[in-house]
Amino acid sequence: MEYLEFELPIKELEEQYEKACEIGKESDVDVSDTCKQIEKKLESTKKEIYKNLSSWQRVQLSRHPSRPYTLDYINAICGDSFLELHGDRNVKDDKAMIGGLGKIGDQSFMFIGQQKGYNTKTRQYRNFGMANPEGYRKALRLMKSAEKFNLPVVTFVDTPGAYPGLEAEERGQGEAIARNILEMTRLKVPVIVIIIGEGASGGALGIGVGDKVLMLENAWYSVISPENCSSILWRSWEQKEIAAEALKLTAEDSLKIAVVDEIIKEPLGGAHRNREITFETVRDSILNSLEELKNLSPEDMIEKRMEKYANMGVYKE
């Protein structure tokens with residue numbers, strides 16, 4: 001298990017607990033009371049640290065290398081029923097954007113999401129979760145297929161942004177994202193969006209328009225990353241913590257301003273601390289969201305969806 005800087009007190013206590021237990025096993029010394037004391041202190045330390053996380057610390061948790069990615073959720077939720085589909089039928093298959101058909105129980109879904117890598121090789125293969133225009137066009141093709149066969153769409157958002165390279169701009173990155181936003185507002189099937197990690201800029205919005213937008217507790221959602229915001233305003237990354245606070249990018253902030261509809265609770269310490277519980281919670285959230293939407297007519301659903309986004313940013317003094 002890798003530890004972030006603010007988690008070091010937890011690491012020290014866990015190491016003490018392991019050593020105490022080993023001493024008890026290897027000798028006749030009774031260390032049960034010591035183990036219980038350390039365990040109690042460990043639990044209280046965890047609660048104290050994780051209930052007082054700053055915005056920047058939540059950003060760090062969202063990027064934890066052990067945090068589950070899109071395919072982890074899909075494989076855990078669907079099991080062997082997931083069938084990945086490839087290509088945008090125009091340029092190529094974008095490995096940073098994955099999608100396909102899967103089942104939860106007897107209900108079929110079209111799953112789409114950004115996929116990051118687990119090590120240097122797979123991160124390069126997945127382009128660090130930054131999709132090119134063909135990735136967004138593949139996503140749109142799959143959404144249209146879902147609409148044709150009356151299947152609900154579930155998208156998993158986890159990207160530091162759309163790929164900003166010259167070739168991506170030449171192939172119409174901005175147009176591809178804008179087209180997805182337009183088409184997602186008028187899809188005739190339920191669309192459930194789940195922000196599982198980083199939700200940055202237009203890269204997130206390209207698959208982020210939905211009837212229900214859910215957000216994991218330690219994910220973040222913003223027009224720009226704290227580092228890039230800091231580099232624009234202060235000409236360096238050193239003010240990233242101040243930028244994170246000012247951007248109001250946490251799940252709690254997003255819910256407060258109605259950018260998301262619901263926060264999905266994570267296990268203490270983050271989704272990576274207990275993957276099974278996280279997967280189960282996300283699965284239940286998808287089914288509950290579908291239950292709320294399935295009785296709406298396509299016309300009513302589209303009207304409510306468009307009204308929801310039209311009302312964002314409206315306020316009274």
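See above for the structure.
Quick summary incoming for the structure in this document. These figures come from a predicted structure and were not determined experimentally. (Residues numbered from 1 in each chain as written. Predicted model: local features only at pLDDT ≥ 70, side-chain atom pairs only at ≥ 80, totals over all residues. Heavy atoms only, no water.)

Looking at the overall build of the chain
- The number of helices and strands found in the chain is 14 helices and eight strands.
- For 317 residues, the compact-globule formula gives about 20 Å, and the C-alpha radius of gyration of the chain, at 21 Å, lands near that figure.
- Oriented by its inertia axes, the alpha-carbon framework of the chain measures out at about 70 × 50 × 50 Å.
- Counted over contacts in the chain with a minimum sequence separation of 6, partners at least 24 positions apart contribute 72%.
- Distance between charge centroids for the chain: 4 Å, based on 43 positive and 52 negative side chains. (Helix = DSSP H or I, 4+ residues; strand = E, 2+ residues; numbered from the N terminus. Rg over C-alpha atoms; globule rule 2.2 N^0.38 Å. Contact = heavy atoms within 4.5 Å. Lys, Arg positive; Asp, Glu negative; His and termini not counted. Charge placed at Lys NZ, Arg CZ, Asp CG, Glu CD.)

So, a nonpolar patch on the surface
- Together, Ile232, Leu233, Trp234 and Ile242 make up a nonpolar patch on the protein surface, roughly 410 Å² of accessible area in all.
- Here the nonpolar patch gets three residues from one element, more than from any other, and that element is helix α10 (residues 226-234).
- Inspection of the secondary structure puts Ile232 in helix α10. (Patch = residues over 30% accessible without salt bridge, like charges linked within 9 Å, V, L, I, M, F, W, Y side chains within 5 Å. Areas by Shrake-Rupley, 256 points an atom, 1.4 Å probe, with all protein chains shown as cover. Salt bridge = Lys/Arg side-chain N within 4 Å of Asp/Glu carboxyl O.)

Topic: the packing of aromatic side chains
- Throughout the structure, instances matching the rule amount to five aromatic pairs.
- Consider the rings of Tyr69 and Tyr118, whose centres lie 5.2 Å apart with planes at 40°: the pair is tilted. Here Tyr69, found in the loop between α3 (55-62) and α4 (70-78), pairs with Tyr118, found in the loop between β3 (107-114) and α5 (120-125); they are 49 residues apart in sequence, far enough to count as distant.
- Consider the rings of Tyr73 and Phe279, whose centres lie 5.2 Å apart with planes at 80°: the pair is edge-to-face. A residue pair is termed long-range when its members are at least 10 positions apart, and Tyr73 in helix α4 and Phe279 in helix α13 (residues 275-293) qualify at 206 residues. Like Tyr73, the residue Phe279 is buried in the burial classification.
- Every member of this aromatic cluster is reached through a ring pair, and the members are Tyr73, Phe109, Phe111, Phe156 and Phe279. (Phe/Tyr/Trp six-rings, centres within 6.5 Å; stacked < 30°, edge-to-face > 60°. Buried < 20%, exposed > 50% of the residue type's maximum accessible area, 1.4 Å probe, protein only.)

Observations concerning the nonpolar core
- Residues Phe111, Phe156, Ile194 and Ile286 are the most contacted members of the largest nonpolar core, which totals 55 residues.
- Grouped together as the second largest cluster of nonpolar side chains are nine residues, Leu4, Leu13, Ile49 and Tyr50 included. (Core = buried A, V, L, I, M, F, W, Y, C linked by side-chain atoms within 4.5 Å.)

Examining the environment of Arg123
- Inspection of the secondary structure assignment puts Arg123 in helix α5.
- Residues Arg123 and Met306 lie 183 residues apart in sequence; the distance between their C-alpha atoms is 35 Å.
- In this structure Arg123 touches Pro65, Gly117, Tyr118 and Phe128, once residues within four positions along its chain are discounted.
- Only 3.3 Å separates the side chain of Arg123 from the backbone oxygen of Tyr118, close enough to count as a polar contact. (Polar contact = N/O pair within 3.5 Å; in protein donor to acceptor, adjacent residues only side chain to side chain.)

Describing the pairing of strand β4 (residues 153-159)
- Among the seven residues of β4, seven are classified as buried, and the element is accordingly described as predominantly covered.
- Of the two faces of β4, the one holding Val153, Thr155, Val157 and Thr159 and the one holding Val154, Phe156 and Asp158 are both buried throughout.
- Here β3 pairs with β4 via four bridges, running parallel. Across the sheet, the residue bridging to Met110 is Val153, located in β4.
- Two elements, β4 and strand β5 (residues 191-200), share six bridges in a ladder whose sense is parallel. Opposite Phe156, over in β5, you have Ile194 as the bridge partner. (Pairing = 2+ DSSP bridges.)

Some points on the side chain of Arg67
- Structurally, Arg67 can be placed in the loop between α3 and α4.
- Separated by 3.0 Å, the side chain of Arg67 and the backbone oxygen of Ile196 make a polar contact.
- In this structure the side chain of Arg67 is engaged in a polar contact, spanning 2.8 Å, whose partner is the side chain of Glu266.

Regarding the pairing of β5
- The buried fraction of β5 is high, at 10 of 10 residues.
- The pairing of β5 with strand β6 (residues 212-216) spans four bridges and is parallel. Across the sheet, Ile192 pairs through a bridge with Lys212, a residue of β6.
- Bridging between β5 and strand β7 (residues 220-222) involves three bridges; their strand directions are parallel. In the sheet register, Gly199 faces β7, and the bridge partner there is Tyr221.

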